[in-house]
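# Examination of the molecular architecture
For reference, the chains in residue letters:
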Amino acid sequence: MTTTVPPGLAELTEIMAYVDFATSASTSVREALGLGSLHAGSTRALAIRADPSHFFNRAGGFGADSPITVDGLVRVCDFYRERGVSQGSLMIAPPLLPPDWADTAAKLGLAESSRFTKLGCDIENLPTVTDRAALDPGWRVGVVEAHQAREWATVMMTTFGFTSPEMTEMAASCVGRANWRQYAVWADERIVAVGSVFLNGECADMFGGATLPEARGRGAQSALLTARIRAATAEGCRWLVAETGVEGPGEHNPSLRNMVRVGFEPLYERATWLWRA
């Protein structure tokens, strides 16, 4: 492994992306979704009551600037309770878990759940980025403009199973923010795939890559990865990070394979720790 990205920074960049993505929404949308956020030291947490999947109820950045404490973990659990959500996730890089983690998790009622592969790369060690990923004739990749935000957001959110108008509006509000770059692949005049990159100083997070089912396997995400790598490089980033589901025995995770193909390295497997009311 050649990647030198600090795990605390990798985790902090990920959760900052989620919080910034969601809280870019207007006050009326945030109120309709029951959306709230917490910022305590390096730790960030997000809660959305109107998200039945609980996907956006997540916290991270633990241990990025100081050791993880029980008090800090309790504060996150209290935040979920105060926001009225029934379930929330705590994302902690394995190298940053305290030695007594098993006892701490049991004391707080945290249960281990799904696992993710955290990936990263040093930009200077990436192979030369080329346009060898061939898109179908008539397809193109480019930057998303403000007037395309709603279509872009619809493709992203519906692909991930979020269909409410408020969720789509939340995503659309992120387009054009200073620390984001949003991209899409168009098949003629229709958006069929999307992807973003969130810029956090020296570190950038690959965020929200999604392709409509009928457009998969045709080079869209490879093209979007190339565009986002170039954007992060142009902004002077040193590291890129991303996460995707763990690929189990006999499974094939296209997202994982695509990122490894362009030079990302698996850094560690991270368990999701669930808090339940």
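These notes cover the structure that comes with them.

## Comments concerning helix α7 (residues 220–234)
With 15 residues, α7 should cover 21 Å at 1.5 Å per step; its first-to-last C-alpha distance of 21 Å lies within 8% of that length. Taking burial as the measure, the 15 residues of α7 include twelve buried ones, the bulk of the element. Taken residue by residue, α7 has Ala-220, Gln-221, Ser-222, Ala-223, Leu-224, Leu-225, Thr-226, Ala-227, Arg-228, Ile-229, Ala-231 and Ala-232 as its buried positions. On its buried face, α7 sits against β6 (139–143), β7 (180–187), β8 (190–200), β9 (203–211), β10 (239–245) and α8 (254–262). Phi turns positive one or two residues past the end of α7, at Gly-236, with a value near 80°.

## Some points on the sheet that holds β9
Across the sheet, which stays open at both edges, the eleven strands sit in the order β1-β2-β3-β4-β11-β5-β10-β9-β8-β7-β6 with mixed pairing between neighbours. With partners counted over all chains shown, the strands left at the sheet margins are β1 (35–40) and β6, one partner each. This sheet shows a mean twist of 20° between the axes of neighbouring strands, independent of strand direction. Of the strand pairs in this sheet, strand β2 (residues 43–48) and strand β3 (residues 58–60) are connected by three bridges, and their pairing is antiparallel. Counterpart to Ala-45 in the pairing with β3 is Ala-59.

## Thoughts on the pairing of strand β5 (residues 111–122)
Summarising the sheet, β5 and strand β11 (residues 265–276) pair through eight bridges and their orientation is antiparallel. Looking at β11, one finds that Ala-111 is bridged to Leu-274. Sheet topology note: the β5/β10 ladder contains seven bridges and is antiparallel. Counterpart to Leu-119 in the pairing with β10 is Ala-242.

## Re helix α4 (residues 101–108)
Among all positions in α4, only Trp-101, Thr-104, Ala-105 and Leu-108 are buried. Looking straight down α4, one finds its buried side chains confined to an arc of 95°; they lie on one side. Exposed side chains of α4 directed beyond 90 degrees from the buried face belong to Ala-102, Asp-103, Ala-106 and Lys-107. Gly-109 occupies a position one or two residues after α4 and carries a positive phi of about 70°.

## What about the pattern of salt bridges?
Scanning the model with the defined rule gives 14 salt bridges in all. Notably, a salt bridge pairs Glu-14 with Arg-270, separated by 2.8 Å at the nearest N-O pair. Here the residue Glu-14 occupies a position in helix α1 (residues 7–23), and Arg-270 occupies one in strand β11, the gap between them amounting to 256 residues. Like Arg-270, Glu-14 is buried. A salt bridge links Asp-78 to Arg-81, with the shortest nitrogen-to-oxygen separation between them at 2.6 Å. Taken together, the residues span about one helical turn, with Asp-78 and Arg-81 both in helix α3 (residues 70–83) at a distance of three residues.

## A closer look at the environment of Ser-53
Looking at the secondary structure, you find Ser-53 in the loop between β2 and β3. Given a relative accessible area of 40%, Ser-53 falls into the partly exposed group. Side-chain polar atoms of Ser-53 contact the side chain of Asp-51, separated by 2.6 Å.

## Overview of the environment of Gln-221
The topology assignment puts Gln-221 in helix α7. For the pair Gln-221 and Pro-254, spaced 33 residues apart in sequence, the C-alpha to C-alpha distance is 9.4 Å. Leaving out residues up to four positions away in the same chain, Gln-221 has contacts with Ala-193, Val-194, Gly-209, Ala-210, Thr-211, Arg-228 and Asn-258.

## Re the nonpolar core
Core analysis: the biggest nonpolar cluster contains 66 residues, and Phe-21, Phe-56, Trp-152, Met-157, Met-170, Leu-240 and Phe-264 have the highest contact counts within it. Within the second largest apolar cluster, 21 residues are counted, among which are Leu-73, Tyr-80, Leu-110 and Trp-275.

## Focus on unusual backbone geometry
Of note, the phi angle at His-54 is positive, near 65°, even though the residue is not glycine. For Asp-188, which is not glycine, the phi dihedral falls at a positive 60°. Within the secondary structure, Asp-188 is located in the loop between β7 and β8. On the basis of relative accessibility, which here comes to 54%, the residue Asp-188 falls in the exposed class.

Rules behind the numbers
Residues numbered from 1 in each chain as written. Predicted model: local features only at pLDDT ≥ 70, side-chain atom pairs only at ≥ 80, totals over all residues. Heavy atoms only, no water. Helix = DSSP H or I, 4+ residues; strand = E, 2+ residues; numbered from the N terminus. Expected span 1.5 Å × (residues − 1). Buried < 20%, exposed > 50% of the residue type's maximum accessible area, 1.4 Å probe, protein only. Contact = heavy atoms within 4.5 Å. Pairing = 2+ DSSP bridges. Axes fitted to C-alpha atoms, helices over the stretch in contact; angles between N-to-C directions. Arc of directions from axis to C-beta. Salt bridge = Lys/Arg side-chain N within 4 Å of Asp/Glu carboxyl O. Polar contact = N/O pair within 3.5 Å; in protein donor to acceptor, adjacent residues only side chain to side chain. Core = buried A, V, L, I, M, F, W, Y, C linked by side-chain atoms within 4.5 Å.

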